[in-house]
Structures are given as structure tokens and as C-alpha cells.
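The residues making up each chain are set out below.
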Amino acid sequence: MVTMSFFTYLYNLSTSRKSKSLYGVNPSTQLGPKAALCQDATLSAVDISFNSCWHALLTYQCYVFTVSTIQDPSSQKLKWCKAPINALVIRKPGDREVDKVYKEVIELLVSKNLRLYVEEKTVDDMELSAQCVSMLTQYNGERDNLSDKVDFIVTLGGDGTLIHASSLFQNSVPPILAFNMGSLGFLTPFDVDGMGSAVDKALAGEMSLTLRTRLKCVIGQKNESDCVPHIKDLENGQTHKSSRLASYSVVNEVVIDRGPSPYLCHIELYVDRRHITSVQGDGLIISTPTGSTAYAAAAGASMMHPSVPAILVVPVCAHSLSFRPIVLPAGVEITIMVSPDARNTAWAAFDGRCRTELKHGDSLRITTSIYPLPSLCKRGQLEDWFGSLAECLNWNVRKSQKALDLELHSNTTTTNSSASLDSLADELTLT
Amino acid sequence: MADSDSCDKMLPDDSSAAQSVDMRKPSGIHRRRGADRQWKSKSLYGVNPSTQLGPKAALCQDATLSAVDISFNSCWHALLTYQCYVFTVSTIQDPSSQKLKWCKAPINALVIRKPGDREVDKVYKEVIELLVSKNLRLYVEEKTVDDMELSAQCVSMLTQYNGERDNLSDKVDFIVTLGGDGTLIHASSLFQNSVPPILAFNMGSLGFLTPFDVDGMGSAVDKALAGEMSLTLRTRLKCVIGQKNESDCVPHIKDLENGQTHKSSRLASYSVVNEVVIDRGPSPYLCHIELYVDRRHITSVQGDGLIISTPTGSTAYAAAAGASMMHPSVPAILVVPVCAHSLSFRPIVLPAGVEITIMVSPDARNTAWAAFDGRCRTELKHGDSLRITTSIYPLPSLCKRGQLEDWFGSLAECLNWNVRKSQKALDLELHSNTTTTNSSASLDSLADELTLT
């Protein structure tokens, strides 16, 4: 029943340079003629639970998928399991231009039969029709918990607005359609001019999106029993604002710095619970790839595409000649503690908010969150990113050097590797 | 080693945090909602991201593989649809669990040493004798038999080869290198396709990629031959130079799909471990090249040159040019300019699956020169193209302690990464005054306290 073509198909899947996966090709697990990579033991238990006539098939399949499974980022598309009903609209506050567009957006979304969550005072501030108002629900960001109530998010503003939207959802985040009306617009690819078609396309589904990894940060404060609290106490994503444990999901970065103190910030960096180094300087940034173009870029890190699964560790004004930013795989657990020798406490900021003091004995644990931020793409993952680099940061914008004059050009391009600088100078003076 | 003490310093053991995860249940099969919220296993690629986006949206399953479930009858359909959910994604092995396995016992080994070093020669002889005693047939460089004084039994197990003429692909099961990083890179250049595992002993200058010491040679070799040793798959870049021919079309990369190298023909392919450098060569003019990613024009590079680097090479030339240092397990490609004449050209990091193409700009005043791991210098004329992708044949280098520990150890030893005298703590009386300051303490009050003491 099982045809050989299926086996061939699976074999080809595991060995060929199959598709343009942004994670790169599936590396060959054959190492020379005799060696190979051990298959991951954790998943081989799958084939035990089936009877023999399936066993052969599944053993083979186990060969294929006894590995971690990660979706190829360039093929990531949005799919609606059920039609969206509730949408959240967030705007940048205090901007008149934005307010005008806000009203248009609300009316547009209501016309698509979406019930909208909007900020308090929207009904008071905007002049909306009664039909519109009936489809609105006002919420208060501080008090109300919007998790699992919102199917779709529209933001009007800049990167700060999108980050604010992310902070409202500590767990699973609905897809975000971000219109650019703010200052920088790095994470906000859509223009308000094409609002109608963008919304239609998003609601239809099959739109490409970028899963921007977030970092899950857990602060453990030293308690009287003198033990460091466990990360598993926060597995359900509960946030205890006034208790010893707090968890934050950040889109850009976590910054640990010296706060108001004039002394060096002196903190210890642990990776996977092993001490790596001691950081002495103004502070340390633990950044996502999305945040690599934010504070981390100012501190000297390379700029990283959001699809690369990594965490950046970037020092801020480290008092060391050799502290270069490093990039670690996304699966590590980073822990930061204030050094016992430190002269002051440290302060942590999560996407520039929720400033918290880290005293001696407190720990900050950072891992990659399983809940990424899905932001819809206008043109594609690569094109949107490079477009933002060029527009927002003027990346490598420079007047192009002119070509040489034609006569001169024909003299110089035929030089070969043995041409010396002297002969080149001679040719130039002759012309 | 500078940080040997600190590497042993570990945080209080929360092994219970890791054990709370049920390792027998891959998150894909275990379908209950929120199952993949677990901090499942320590996959270096990060957790399997949740594909549920809010209450109503999800990630589309990869359409290319959904054809699988069509070809089966209904009683298997249900099962396989389920499994298709699991593996309709790209499959990449979790790097931290990568271990060597011998499908068949190794028979042939290649021993490469750094030439012209007397210290190395002494150890070379010991290594040969050790490996021969393990019943391995060895490939060694020419003149080894002449230079070394080896027993007749040893010599009978040796085969001499010439690196320029002989093709060692598929003949060697295991590689031992004695030297530094250059020796390991030379070993990699001999294998343009699948590379056998490499056990690298450090006897050279830097030793970034060579974790093993010659003192523990015997146990290292035993452990390697036994299998089950952890290793790092260092990604390599496959670089194809296409030279403009008379028909004025750029040659296709698929002409080289079988990994053939034509040394004197229009196409040449190289697998690099560290980086490809495109620069201005002997010309005094700016190097002016165009950068394309996935066949879209991205930017124009004007300066001394450009480095396209692997994560392994991020601590080599790319580090000198200002890039961040990247762990070898991160699937990425670095694009780093060398002295770009621009205030805003920052190094960038791209996902490993992109195809990068470099061409000399039509406006350029000179040609460009490419170097592959510092070798095979080739001129790129107007109209030539250099295409770079991630090779499917990585370089498997065996680890001494583990992927993370070896890398951080190398950073500390070789580059003295962030080695600085620690600032002393304040005097105890002073310390007790300052640590109790809270957020409302101002700089003035802090200064007052200091003057009082």
C-alpha cells in the first residue's frame, strides 16, 4: 500500500536543498562515508506506539521528523481558523493627524462587521454615528485584560504604538496590521493611503507575516528564605505586579543599567546557568532581532533580520576595550544578577517601561517567548526589512562615485593583476 | 585559562525547572491547547513557536508538504494528517543535541599537520602511532615517510597523498588536525562536499576552532572513535563564481549542482568555513560592488570591500571589521563592510536561507577581487557574478566540553573577551550606606553620605 515513491519523496525531503527556507537548507546529516548525526532520542518514542504494519512507515518518518520542527519563515502566512469578529484599534495619543485617520479606520472596520475594542474616551472625543458606537467596546489598558478577546489588531502610529499593543498581550498575540503615522516607522510597513485594500487583504487571510520573536523576562526577587524563585511559578503567564515575581514579554529589548547612580553598573552574566562574564559599564542590552535596529544598534550591534532565531547581548559603554556584542542562539537562558562586589543596584527596563530595581540577590531570567508578535507584511519579509533600513535609517545611502571618463576607463579596465601603482599613475598622466 | 574558575561557577541548580517538562512528548503531537507553552527541551534554536495567533488566527501549514496525505487511504489518512501537522515545516535538528554516530566503524583517517613547525612534528609522530594502534589506515601528506622515522608496521598503514592532485572525498572517515585554525580550514578545503568529523588539536597560533589539547590526546581519540561525542555543525557557504561569457548571459548555479569544480573553466565553486572577502585588490580606487539578496538589489557598497561571513567566521576578519560575534549554531549569514565610505553602513545579519549575489557595479572604476578563506584569489570583472548560499555540507567539528562552553572558552582564551580587572566593592561601612538607597535617592544625597564617612 505504501508506494516507494512516498519513501523517495520523504528521502528527498530530508536530504535535498528543497525549498528556499529562510533558515537555510536542511543540513546533510551524513558526515563523510561512515559517520552521521545521532537521531534525536526524544522523539523516537513515537514509533513504539504503533502496530507493525505502520511501524515500518513510521520509523522512516521518524527519521524525517526526529528533529525540532520550525516553520520556514519565508512561507509564513496568516490563516483564519474562524472569521475574525473582534478587533482592537490602538492609536498614538495626542496627535491630531492620527485622530482624523482614527475615525476613518473605525468606520472602515465597522463596515466590515467587526466589533471594535477602543480606548476610553473614544466615543467622547470622536464624532461617530450611533451605529458605529454600538459596535464599540471601550477598555482601560491598565485594568482590563484583553487576552483571548481580540482576534485582530490595527495600530495607527509608530513603533511605540505597536510595542504598546504587544504589552497588552503577554501570551498569544493576534495578528497586527500596523499603519505608519509616527516618527520612525520601522515596524509599521503600511501607509494609510492604502488602508482599504490592506484591511481587505488582511481579513481575507493568506497574507504573509513576520513572527517577531519576543523575550520572556522573569524577575525573581530574593525572599526571606534566601532562595532564587523558580521560573515555573509563572508558567501560566500570570503577572503579579506587587509580588515577588513579575514576567514581561518584550519585543525590542531588556536594558539593565546603572539607573541614577554614578557608579559603574556591575552585573554578572550567566548563559544556561554558567557564569560567562562580568559586565562593568553603563549597562547591558539583551535584545531580540527586532530590537537590533533600536537601542542595540546605537550601542554598536549588527542589525539583524527578524527571522534569524537569535538573542543579542550588547554592552552599553562597557569599560573594557574588548567587550564586543555577541549573538547567541535563541534557545539559551540568560540570567543576570547584580554582582556581590557591585557598589550600587541595577535597574531594568522592558521595552523602555516598567523600570524595576534589581537589588543584590535578585535575578533576571530571559528566554525566548513561545508567543511571538505576528506583524503582517506589506511586500514580504525581506523587502519590508530592507525597505525600512533604507527609509528610516538611511542605511548606506551615499552618493555614488562616478565612473571614469570613457577614454580613461578603457585604459584602466584592462590592467591585470601585475599592474603596479606606478604604471597606473603613468597611464593617467599620459591622457 | 582565564575563566576556568568562572566557568565552574553555576547558578543554584534549578534542574527541576527542566524536569518539569515531559521529554517524551513532542509538542506537536501533544495537541492540547497551550501544550507548546512548555519550556520543552533546551533547543538552541529556541522553543517551537506557538502557531496559534490569538483566538481565531493561526499560521498556514506549509502547502508543499500537504500533498503527502492525499496519497493514502482513509484508515491511514487520519493518522498521517496528524503527522503532517507535525512535519509540514522545515526540519532542523536541535543543535545542542547533536552527537556523532558511527554508522560503520571508521577505517580510514586523515592526519593533517601545520607545516614547518618542529613542535608539531614531534606530536605528529605520536599521533600517527596512536591512530595506527587503533587499526586505522591513515592518509598522510607526501614526504611524511621520508621525514618521520616510523616503524615498518606504521608505514604499511599509511597512504601518502598530494593535496593538489588527489581527491579525498568519500575516502576518509575521520580527520585529525594538528595545528591552528588555518590547518582546520585547509582540511575543510579538501572536502567540497560531505566532510567527515574533525578532531582538532591545538598547536597553532590562535586556536579558536581547535578545542582539544595534545596532552589528552589518547582519551580524546578514544572518545571520538567510540561515538556519541557532541559536535558543532559549522555552516559553510557555497560560493559560485559565474564569469561572463560571449553569449552575455550569467551562468546558472544549477550547472554546479553536483559539486564539480572546474578550475580553468568559466564556473568555479568553493565551500568556505570563515568568509568570502570581495575587495579592491591592488587598485587604489574604491571597490564599488552591487549587493543583491534573493535577486533583489539591496545596496551599493563603496569602500575597501565586503565580507560575507559564516557565524564561525564572525570572530575572524568580520570581527576586525566591526561585526558582532556570533555563536556557530545560529543559522545566519553576516554581511560586513570593510572600511565603507559611508557613515551609515552597519553590518547586517541575514537568515541562512537567502541567496546573496555580488556583482561589480557598471560604474566601478576598477575590478574587484574575491578571496575564499583567504585563498584562491580571483578577479571579478564587470559582468561576473558571485553567488553565495549556505552549503548543505557543514563542517562537523567535535566538541571538548559542549557547544556553548567551547565557544565561550575560546572567546576568553583567544580574544580575551571582556577581560578587565573587577572594580572593588566599597568599604563595608560605606557599602551599608549605599545599598539601602532606594529610587528616590538623589546624586546629592549620595555625595553627602560619601563625604560624611
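Residues numbered from 1 in each chain as written. Chains lettered and ligands numbered in written order. Predicted model: local features only at pLDDT ≥ 70, side-chain atom pairs only at ≥ 80, totals over all residues. Heavy atoms only, no water.

A. Inspection of the domain arrangement of chain B at higher detail. Residue and element names in this part refer to chain B. Each assigned domain of chain B is listed here: domain 1 (108-230) and domain 2 (236-250 + 267-392). For domain 1 and domain 2, the distance between their C-alpha centres works out to 31 Å. Roughly 780 Å² of surface becomes buried between domain 1 and domain 2 when both sides are summed, with 47% attributable to carbon and sulfur atoms. Summed over the shared surface of domain 1 and domain 2, the result is 6 residue pairs in polar contact (both at pLDDT 80 or more). (Domains from an automatic or database assignment. Buried area = accessible area lost by both parts, 1.4 Å probe. Polar contact = N/O pair within 3.5 Å; in protein donor to acceptor, adjacent residues only side chain to side chain.)

B. Highlighting the confidence of the model for chain B. Residue and element names in this part refer to chain B. Summing up the model confidence of chain B, the mean pLDDT is 75 and the portion of residues at 70 or higher is 67%. For the stretch residues 62-91, pLDDT sits under 50, and the model shows 66 contacts to residues farther than four places along the chain or on other chains. Long-range and interchain partners of residues 449-453, a stretch whose pLDDT sits below 50, account for 8 contacts in this model, where long-range means more than four residues apart. Predicted complex, confidence summary: ipTM 0.70, pTM 0.74. (pLDDT = per-residue confidence, 0-100. Contact = heavy atoms within 4.5 Å.)

C. Fine view of the pairing of strand E15 (residues 274-287) of chain A. Residue and element names in this part refer to chain A. A large share of E15 lies buried, amounting to 12 of its 14 residues. In the sheet, strand E13 (residues 253-257) pairs with E15 via 5 bridges, with the strands oriented antiparallel. Across the sheet, the residue bridging to Val255 is Ile285, located in E15. Where strand E14 (residues 265-271) and E15 come together, 7 bridges link them in antiparallel fashion. From the neighbouring strand, Glu268 faces E15, where its bridge partner is Ser278. Here 6 bridges tie E15 to strand E17 (residues 310-318), and the two strands are oriented antiparallel to one another. Directly across from Ile286, in E17, lies its bridge partner Val313. (Buried < 20%, exposed > 50% of the residue type's maximum accessible area, 1.4 Å probe, protein only. Helix = DSSP H or I, 4+ residues; strand = E, 2+ residues; numbered from the N terminus. Pairing = 2+ DSSP bridges.)

D. Region of the structure containing the packing of helix H4 (residues 118-133) of chain B against helix H8 (residues 217-226) of chain B. Residues and elements named next belong to chain B. Packing of H4 against H8 brings their axes to within 11 Å, and their N-to-C directions diverge by 40 degrees. Comparing their axes, H8 and H4 come out oblique. Considering only the axes of H4 and H8, their crossing is right-handed. Between H4 and H8, the contacting residues are Val123, Glu126, Val127, Leu130 and Leu131 on the first element and Met217, Gly218 and Val221 on the second. Considered class by class, the residues forming the contact of H4 with H8 number 6 nonpolar, 1 polar and 1 charged. (Axes fitted to C-alpha atoms, helices over the stretch in contact; angles between N-to-C directions. Parallel < 35°, antiparallel > 145°, perpendicular 65-115°, else oblique. Left-handed = near helix turned anticlockwise from the far one by under 90°. Nonpolar A, V, L, I, M, F, W, Y, C, P; charged D, E, K, R; others polar.)

E. Molecular detail of the pairing of strand E22 (residues 363-368) of chain A. Residues and elements named next belong to chain A. Most of E22 is tucked away: 6 of the 6 residues are buried. Covered by surrounding structure in E22 are Ser363, Arg365 and Thr367 together with Leu364, Ile366 and Thr368, the residues of both alternating faces. The sheet contact formed by strand E11 (residues 215-220) and E22 spans 6 bridges and is antiparallel. From the neighbouring strand, Leu215 faces E22, where its bridge partner is Thr368. Relative to E22, strand E19 (residues 334-338) runs antiparallel, the two sharing 4 bridges. The residue of E22 that forms the bridge with Ile336 is Leu364.

F. Seen up close, the packing of aromatic side chains. Summed over all chains, the structure comprises 12 aromatic pairs over all chains. A ring pair is formed by Trp407(B) and Phe408(B), whose centres lie 5.2 Å apart and whose planes are at 65 degrees; its orientation type is edge-to-face. Neither Trp407(B) nor Phe408(B) differs from the other in exposure class; each is buried. Considering the side-chain rings of Phe408(B) and Trp417(B), the 6.3 Å spacing of their centres and the 35 degrees angle between planes classify their relative orientation as tilted. One aromatic cluster is present, formed by Phe323(A), Trp407(B), Phe408(B) and Trp417(B) through successive ring pairs. (Phe/Tyr/Trp six-rings, centres within 6.5 Å; stacked < 30°, edge-to-face > 60°.)

G. Geometry of the environment of Pro174(A). Mapped onto the secondary structure, Pro174(A) falls in the loop between helix H6 (159-167) and strand E9 (176-180). Linking Pro174(A) and Val313(A), residues 139 residues apart in sequence, is a C-alpha distance of 28 Å.

H. Spotlight on the packing of helix H3 (residues 96-111) of chain A against helix H7 (residues 195-204) of chain A. All names here are of chain A. The geometry of H3 relative to H7 is characterised by a closest axis approach of 11 Å and an angle of 40 degrees between their N-to-C directions. Relative to H7, the element H3 lies oblique. Of the two possible hands of crossing, H3 and H7 adopt the one that is right-handed. Contact residues: Val101, Glu104, Val105, Leu108 and Leu109 in H3; Met195, Gly196 and Val199 in H7. Class assignment for the residues of the contact of H3 with H7 results in 6 nonpolar, 1 polar and 1 charged.

I. Main features of H4(B). Residues and elements named next belong to chain B. With 16 residues, H4 should reach 22 Å at 1.5 Å per residue; the first-to-last C-alpha distance of 23 Å fits that figure. Here H4 has its buried residues at Val120, Val123, Tyr124, Val127, Ile128, Leu130, Leu131 and Val132. One side-chain oxygen of the residue at the start of H4 lies 3.1 Å from the amide nitrogen of Glu119, identifying that residue as Asp117. Remark: Asn135 follows H4 within two positions and exhibits a positive phi of approximately 65 degrees. (Expected span 1.5 Å × (residues − 1).)

J. The arrangement of unusual backbone geometry in detail. All names here are of chain A. The phi dihedral of Asp272 is positive, around 50 degrees, even though this residue is not glycine. Mapping Asp272 onto the fold places it in the loop between E14 and E15. Owing to a relative accessible area of 16%, Asp272 belongs among the buried residues under this scheme.

K. Geometry of the confidence of the model for chain A. Residues and elements named next belong to chain A. For chain A, per-residue confidence averages 77 on the pLDDT scale, and 71% of positions sit at 70 or higher. Of the regions scoring below 50 in pLDDT, residues 40-69 engages in 62 contacts with residues more than four places distant in sequence or in other chains. Predicted confidence for residues 224-244 stays below pLDDT 50, and this span has 39 contacts to residues more than four positions away or in other chains.

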